[in-house]
Amino acid sequence: MLSAPQARELLAGHVRDPVGRGPLPGAGGEAVLVNPFCGDEVRVRVRVRAGALLDLAWEHEGCAFSAAATSVLAAAVLERLAAGPLAAAEVERLLGGYEARCAASGPAQDAPAQD
């Protein structure tokens, strides 16, 4: 577990240099999450083939803290994707149920095969 100063530095680093932020050409699925208390909005796009996550990217409107938190999450997933596609069960393990809340925004579609 990180100390408070370590957590602040981690988040500050992600504010300065966000991971996974931007468009995702060829995305086959999207989830839009809106914080009902402050209105921050995060749009996560994914590329999926045969039920496995291949790539993700996100865009954001809101405060630096929510952008940094999304960047931390994206970094964890993208780091794991470097080893290959993620099956749905592995995504659930990494996100700890986060995708169940995203699913309310609509199902991800299989993206066309890209060579």
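Quick note: structure is the one above.
I will try to describe carefully the structure that is included in this document.

Definitions and cut-offs
Residues numbered from 1 in each chain as written. Predicted model: local features only at pLDDT ≥ 70, side-chain atom pairs only at ≥ 80, totals over all residues. Heavy atoms only, no water. Helix = DSSP H or I, 4+ residues; strand = E, 2+ residues; numbered from the N terminus. Salt bridge = Lys/Arg side-chain N within 4 Å of Asp/Glu carboxyl O. Buried < 20%, exposed > 50% of the residue type's maximum accessible area, 1.4 Å probe, protein only.

Some details on unusual backbone geometry
Of note in this structure, Ala 50 is not a glycine but carries a positive phi near 55°. Note that Ala 50 resides in the loop between strand S2 (41-49) and strand S3 (52-61).

Points about the pattern of salt bridges
Here the idea is simple: oppositely charged side chains can pair when their charged atoms come close. By the definition in use, this model includes seven salt bridges. Arg 16 is the salt-bridge partner of Glu 9, the closest N and O atoms lying 3.0 Å from each other. Using a relative accessible area of 57% as the deciding quantity, one classes Arg 16 as exposed. For the salt bridge of Arg 43 with Glu 30, the shortest nitrogen-to-oxygen distance reads 2.8 Å.

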